[in-house]
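One-letter residues, chain by chain:
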Amino acid sequence: YTFKQRFLIRAAALTFYMLINIIGRTIRFEVEGWEYFEEARRDHVPIYTLWHHAMFLMVYFWRRRGIVYMTSQSFDGEYIARSIQRFGFGAVRGSSSRGGDSALIDMMRLHRAGIPVGFTVDGPRGPRHVAKMGAVMLAKMTGQPILPFTITAEHYWHVPTWDSLQVPMPFTRAHVRIAPLIYVPRDADQRMLQAKGDELQRALDEIN
């Protein structure tokens with residue numbers, strides 16, 4: 001990165017961190033489906049999945065749990081990675097369009113070591129609300145379940161980006177909805193993988 005880009009990355013990362021931290025402290029969270037999270041944590045190491053538009057509230061709600069998320073190798077991915085690391089997340093760099101295979105292998109190694117991982121499954125550039133297959137492939141490789149969830153504020157602003165990122169208004173209520181776990185057999189063939197991808201798509205559509 002050029003000097004200007006490095007400056008912008010640092011400024012964006014700090015701004016994003018401050019906004020999430022300040023607004024997040026005022027949010028009242030209500031959770032549906034917490035029993036699925038408890039099931040996942042009791043017997044498994046879950047693979048967290050959500051749509052990209054819910055990133056803002058996700059970072060605050062799941063902070064300091066050591067979850068490693070895949071972020072793209074782009075300029076946006078750089079400041080997002082630096083921002084979430086301030087909240088106790090890890091970041092593996094890669095996406096469906098660039099560095100995805102090596103990043104998926106890195107996430108598999110982390111996951112097998114007992115570290116929870118996560119995907120914004122329509123990232124890094126969309127199409128919006130169309131699930132890609134990274135989480136399904138990782139579930140097959142590790143034998144661990146996918147945990148679909150969403151977090152939506154009752155009152156929020158839309159950022160004019162491809163994902164229509166939601167920035168909650170201070171002191172609003174936010175609804176956390178967690179769907180039942182999705183298991184992918186280790187011997188799943190291409191047809192089964194596609195069926196599990198469709199199942200993940202439906203789960204995220206329903207809770208959103």
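Provided above is the structure to which this section pertains.
Note that the coordinates shown come from a computational prediction; the quantities given were computed from them, not determined experimentally.

What follows covers the packing of helix α6 (residues 134-142) against helix α7 (residues 190-207). Closest axis-to-axis distance for the α6/α7 pair is 9 Å, and the angle between their directions is 125 degrees. Between α6 and α7, the crossing angle belongs to the class labelled oblique. Considering only the axes of α6 and α7, their crossing is right-handed. In this structure, α6 contributes A135, V136, M137 and K140 to the contact, and α7 contributes L193, K196, G197 and L200. Across the contact of α6 with α7, the residue classes break down as five nonpolar, one polar and two charged.

On to the sheet that holds strand β9 (residues 173-178), then. Two modes of strand pairing occur in sheets, parallel and antiparallel, and in both the strands are linked by backbone hydrogen bonds. An order of β1-β9-β6-β2-β5-β3-β4 is seen for the seven strands of this open sheet, with the pairing classed as mixed. Each edge of the open sheet is held by one strand with a lone partner, namely β1 (28-32) and β4 (90-93). Pairwise comparison of adjacent strand axes, ignoring direction, gives a mean angle of 25 degrees for this sheet. Here strand β6 (residues 146-153) runs beside β9; their pairing, made up of five bridges, is antiparallel. Within β9, the position partnered with T150 by the bridge is R177. Sheet strands in contact with helix α2 (residues 34-43) are β1, β2 (47-50), β6 and β9, and its direction is about 50 degrees off that of β9. Strands in contact with α7 are β2, β6 and β9; relative to β6, the strand with the most contacts, it is inclined by about 25 degrees.

Here the focus is the environment of I20. With respect to the secondary-structure elements, I20 resides in helix α1 (residues 3-24). Separated by 166 residues in sequence, I20 and R186 place their C-alpha atoms 38 Å apart. Ignoring sequence-local partners within four residues, the contact set of I20 consists of F56, V59, Y60 and F87.

Our focus in this paragraph is α6. In an α-helix, one turn spans 3.6 residues; hence positions three or four apart end up facing the same way. The complete set of buried residues in α6 reads A135, V136, L138, A139 and T142. An end-on view of α6 places all buried positions within 165 degrees of arc, on one side of the element. Note on α6: the residue one or two positions beyond its end, G143, has a positive phi of about 75 degrees.

One pass over the structure, following the stated rule, counts eight salt bridges. For E32, the salt bridge goes to R177, with nearest N and O atoms at 3.7 Å. One end of the pair, E32, is in strand β1; the other, R177, is in strand β9, and 145 residues separate them in sequence. Exposure remark for R177: the relative accessible area of 26% places this residue in the partly exposed category. Between E78 and R82 there is a salt bridge, with its nearest N and O atoms 3.0 Å apart. Highlighted residues: E78 and R82, both in helix α4 (residues 75-85), separated by four residues, approximately one helical turn. Look at R82 and you get partly exposed, because its relative accessible area is 32%.

A separate point is the pairing of β6. Taking burial as the measure, the eight residues of β6 include eight buried ones, the bulk of the element. Bridge analysis of β2 against β6 gives three bridges, and the strand direction is parallel. By the bridge assignment for β6, T49 is matched with P148.

Next up on the list: the side chain of T172. Position of T172 among the secondary structure elements: in the loop between β8 (166-168) and β9. In this structure, T172 is in contact with T26, I27, R28, A153, E154 and H155, ignoring residues within four places of it in sequence.

Definitions and cut-offs
- Position numbers for residues count from 1 along each chain, tracking the sequence in the order it is written.
- Only residues with pLDDT of at least 70 are given local features in this predicted model, and only at 80 or more are side-chain atom pairs given and counted; all residues enter the totals for whole chains, interfaces and linings.
- Working from all heavy atoms in the structure, the side-chain values ignore hydrogens and water.
- Between N-to-C directions, angles cover 0 to 180 degrees, with each direction set by a line fitted to C-alpha atoms, over the stretch in contact for helices.
- Secondary structure counts use DSSP, requiring at least four H or I residues in a row for a helix and at least two E residues in a row for a strand, with both numbered from the N terminus.
- Angles are sorted into four bins: roughly parallel if under 35 degrees, roughly antiparallel if over 145, roughly perpendicular if 65 to 115, and oblique for all others.
- Rotating anticlockwise by less than a right angle from the far helix to the near helix defines a left-handed crossing, while the corresponding clockwise rotation defines a right-handed one.
- We call two residues contacting when some pair of their heavy atoms lies within 4.5 Å.
- Charged residues are taken to be Asp, Glu, Lys and Arg, nonpolar residues to be Ala, Val, Leu, Ile, Met, Phe, Trp, Tyr, Cys and Pro, and polar residues to be all remaining types, Gly included.
- Criterion used throughout: strands pair if DSSP finds at least two bridges between them.
- Three exposure classes are used, based on accessible area relative to the maximum for each residue type with a 1.4 Å probe and protein chains only: buried under 20%, partly exposed in between, and exposed over 50%.
- Directions drawn from the helix axis to the C-beta atoms are what define this arc.
- In the sections that follow, a salt bridge refers to a side-chain nitrogen of Lys or Arg positioned within 4 Å of a carboxyl oxygen of Asp or Glu.

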